[in-house]
Every structure is written in C-alpha cells, then in structure tokens.
Amino acid sequence: MLPFSNIYFTFLAAALLRIVLFFYGLWQDAYSPIKYTDIDYFVFTDAARFVSRNLSPYDRDTYRYTPLLAWFLLPATWSKLWFSWGKAVFATGDIIAGWLILLVLRFSSGMSKERALKLASIWLLNPMVAVISTRGSSEGLLGVMVVALLWAVTRKKIKLAGILLGLAVHFKIYPFIYAISILWWLDQDRVGDSSPQSTNTETTISGNIIKFFNPARRTLAITSFSTFAALNLLMFSIYGRPFVQHTYLHHVTRIDHRHNFSPYNTLLYLSSSPSGDSVLRLESIAFIPQLFLSAIAIPLALAKKDLASTLLAQTFAFVTFNKVCTSQYFLWYIVLLPFYIPKSSFVARPAMGICAAFSWVLGQAWWLQQGYRLEFLGESTFVPGLWLSSIFFFLMNVWILGTIVTDVSQSAARNIWKKVP
C-alpha cells in the first residue's frame, strides 16, 4: 500500500509539493544566476501587460498563444506581489486535473477508490509535473481541459464535451486529434440512443451513413465547432490578422531548435541560418507521418476498444513525431498515463517497465548534456552528439508507442474473449 493511499493525504501532499517548489522558485530567482522561472512565463506576463494597456498581446515578440491566456494572467500585472499569480493558477490546475483523473477512474472505469488514487498519484505526485507548472508553464490548464473532456464524454455529457473540445483546440491546437477518436467511440450502442434512426437496420450505404451520424455525434460536432469558431471570431474581431498568424499559422512554419528533443533539431537549426533557404526542408513535411498516426490510424484502430488509452497513444504519437518536442509537451501525455497503466505491459513485466523508464530518462539526460555544452559552454555539439541523442530518444519513444498500441489492442481482445460463454 502506498503511504498516500488516503485521498486527503494524497491531495495535501500534491499541494505541499507545489507550494514548496513555488517558494523555492522565488528564492532561486532572487539569488541564483540560473533562474527557476521559465522564459515562457515572462512571455505570458509581458503579453498580459500589453493587454492591460489596451494593446495587443502580439506586440510582445514570441507570444504564440490565444489572447485568453494573456487575459487570464492580467492579475500578474497588478504589482510585484501578484507577479507569480499565473504559477499559482497553473499549479492549482494540476490539482484539479488530478481530481478529474480520480473521477474518471472511479466512476467511468468502476475502479476502487484506493487503486484509482494510486493511479492518479502518477500525475499528482509527479515531481516533473509540479516543477513545470511552478516554473510558469500553462500545461496544467490544458491538462484540466483534456481530462474534463474525457470525463464529460464518458459520462455522456455530450454538449459539455463539445464545448470543452472547442475550448481546448482554441487554447492549444493539438487536441483536435481527439475529435476523431471521440466521434468514432460515440456509436449508438455506447450512447444508448433510442431514436428511430438509431434502430434503423438497413444495410444500404445511405442507411449506414444515416446511422453513423447519430444525435450524439451531431451534437459533439456542432457544439465543438461552434465553440471553436465563436472564440476565433471574437479574437479576430479584436486583434485581426496577428491573432491568426501567431496563434495558428506560426506553428506550421516554426523552426524552433533550442530545447528541442526532436530529430528534426539539426535541420531546424540549419533552416534558421541566413542560408537556410537552400537547405532541403525535410522538416516541412514532418506533419504527414505525425498526423497520419495521431489523427487517423490510431483513432480508427483503437478508439472503440479503449477511449482513454487511445487518447494517450494519440498524444504520445503527436509529441514523438512533432518537429518541435520540449519537456512541457511531455505533460500532454503524462496526464493520460493513469488510464493506461492498468493494462500496461510495462507494469505486467517490471523489468521491461524499468528499462523503458530508464531509457526515457537517459535519452533526455544525454540530450540535455549535449545541449548544456552547446548553449552554456559554446561547444558545437550538433553533430554527432545532439543529433545522435535525438535519434536515440526518438527511437526509444517509438518503441514505447508501439507497446502502448499493442497493449490496448490485446487488452480489448482479452475483454472480448472473457464475454464469450
């Protein structure tokens, strides 16, 4: 039994972990030449400062996010005492996401409270999650939206799910990949639809098409698109083209190479040079395998078998094959990890799990060591050090992704055979 198997102790420990890191961060920022606060947090708060002066958040260079984030951080501009407002909000988001994980595991999966709490602790008591949020990364808020979306879908609150999906995609583009999985999962047997068209037994193509577009799927599509469109129209009416360019179009052409674990790192560096136009732009087609796996192949193959684990596999594929891969992105799939762990080969085979965890950490450590030599010591480590470490980390993640997909498929097959008399 874990020492924090009690719900109050677990959430208290999660809160204390973040409080300690929060105040440690204030101390490090004040007395250490290496700052604890993430550079992105200064971007967020600078953008909020522009908004407080009735200016555009995009007047702040490198602000590539929805204006909602800058609006939300307006209190951070009131005084120095309020500067860390956003960090406190992001850390609180971690706690709320943990609570939602517990709800999904308890009431949607029928899991015991103690076991669900242990699994939720993977997120709640994870030092990496706590550090990233208290440094000022907004991923904690996104974690709330994603797990709330999963909770709403599994509880068949379809209108709420649509609103959350539209909001999440507006806040950060990548959750759009979940739309296909959720729509595929919402078949008439699962949502318990009893409308006349749901009982249609026609086998014609038109009959099957009508049956596919059941009320739940129509409701999700309409509410999610309406929410997304309304937010975008509102922001466009206020900030115009800069909103579209920086929030969406920038991510198609971005060439960030700093702190980027992706194997495209070196290509992005070459493309950012003055002569970069002459470089073969292989990274410009990186989205093809990324979107095929995360938005098409994995959803269609797995969503009907296990929705929560499918969302994990999709996110893992999206991050692994993305041309920009930073530590903050790891939180996108860590928040979904508790739903997959019960059926994971990494748990059933401890040696395999230890090997995967060690390799995942080793890949990052190797890359960070090369990155430190490059950025702090001024040594050129792009080839072979940084490139080889990126390739190792990528291949190791591909192996983990393959194991996740296999586990979900085999787990679904085992559940089918258990139902056979």
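For clarity, every value in this text was computed on a predicted model and none was experimentally measured.

In terms of regular secondary structure, the chain is built from 21 helices and zero strands. Counting across all 421 residues of the chain, residues that qualify as buried make up 50%.

What follows is about the nonpolar core. Tyr63, Trp123, Tyr178, Leu186, Phe330 and Phe339 are the most contacted members of the largest nonpolar core, which has 107 residues in total. It is helix α7 (residues 139–154) that provides the largest number of residues to this core, a total of 11 residues. Leaving out residues up to four positions away in the same chain, Phe339 has contacts with Ile101, Val104, Leu105, Val147, Leu150, Ala308 and Ser309.

With that settled, consider the packing of aromatic side chains. In this structure the tally under the stated criterion is 31 aromatic pairs. On the basis of an interplanar angle of 85° and a centroid distance of 5.3 Å, the ring pair of Tyr41 and Phe83 is categorised as edge-to-face. Here the residue Tyr41 occupies a position in helix α2 (residues 39–52), and Phe83 occupies one in the loop between α3 (67–72) and α4 (85–108), the gap between them amounting to 42 residues. The exposure class assigned to Phe83 is partly exposed, which follows from its relative accessible area of 21%. With centroids separated by 4.5 Å and ring planes inclined at 40°, the aromatic side chains of Phe316 and Tyr333 adopt a geometry described as tilted. Of this pair, Phe316 sits in helix α16 (residues 307–320) while Tyr333 sits in helix α17 (residues 327–334); the two residues are 17 residues apart in sequence, bridging distant segments of the chain. Here Phe316 matches Tyr333 in class, with each residue buried. Clustering of aromatic rings is evident, with ring pairs tying together Tyr41, Phe42, Phe44, Tyr58, Tyr63, Tyr65, Phe83, Phe90 and Tyr239.

Quick look at unusual backbone geometry now. Peptide bonds are, in most cases, trans, and in most cases residues other than glycine have a negative phi. In this structure, Asn54 is a non-glycine residue whose phi angle is positive, near 60°. Judged by relative accessible area, Asn54 falls into the exposed class, the value being 74%. Residue Thr62 is not a glycine yet carries a positive backbone phi of 70°.

In this fold, Thr381 is placed in the loop between α20 (350–375) and α21 (382–419). On the basis of relative accessibility, which here comes to 3%, the residue Thr381 falls in the buried class. Between the C-alpha atoms of Thr381 and Gly371, which are 10 residues apart in sequence, the distance is 7.5 Å. Among residues more than four places away in sequence, those in contact with Thr381 are Gln370, Arg373, Leu374 and Leu386.

The rules behind the values
- Residues numbered from 1 in each chain as written.
- Predicted model: local features only at pLDDT ≥ 70, side-chain atom pairs only at ≥ 80, totals over all residues.
- Heavy atoms only, no water.
- Helix = DSSP H or I, 4+ residues; strand = E, 2+ residues; numbered from the N terminus.
- Buried < 20%, exposed > 50% of the residue type's maximum accessible area, 1.4 Å probe, protein only.
- Core = buried A, V, L, I, M, F, W, Y, C linked by side-chain atoms within 4.5 Å.
- Contact = heavy atoms within 4.5 Å.
- Phe/Tyr/Trp six-rings, centres within 6.5 Å; stacked < 30°, edge-to-face > 60°.

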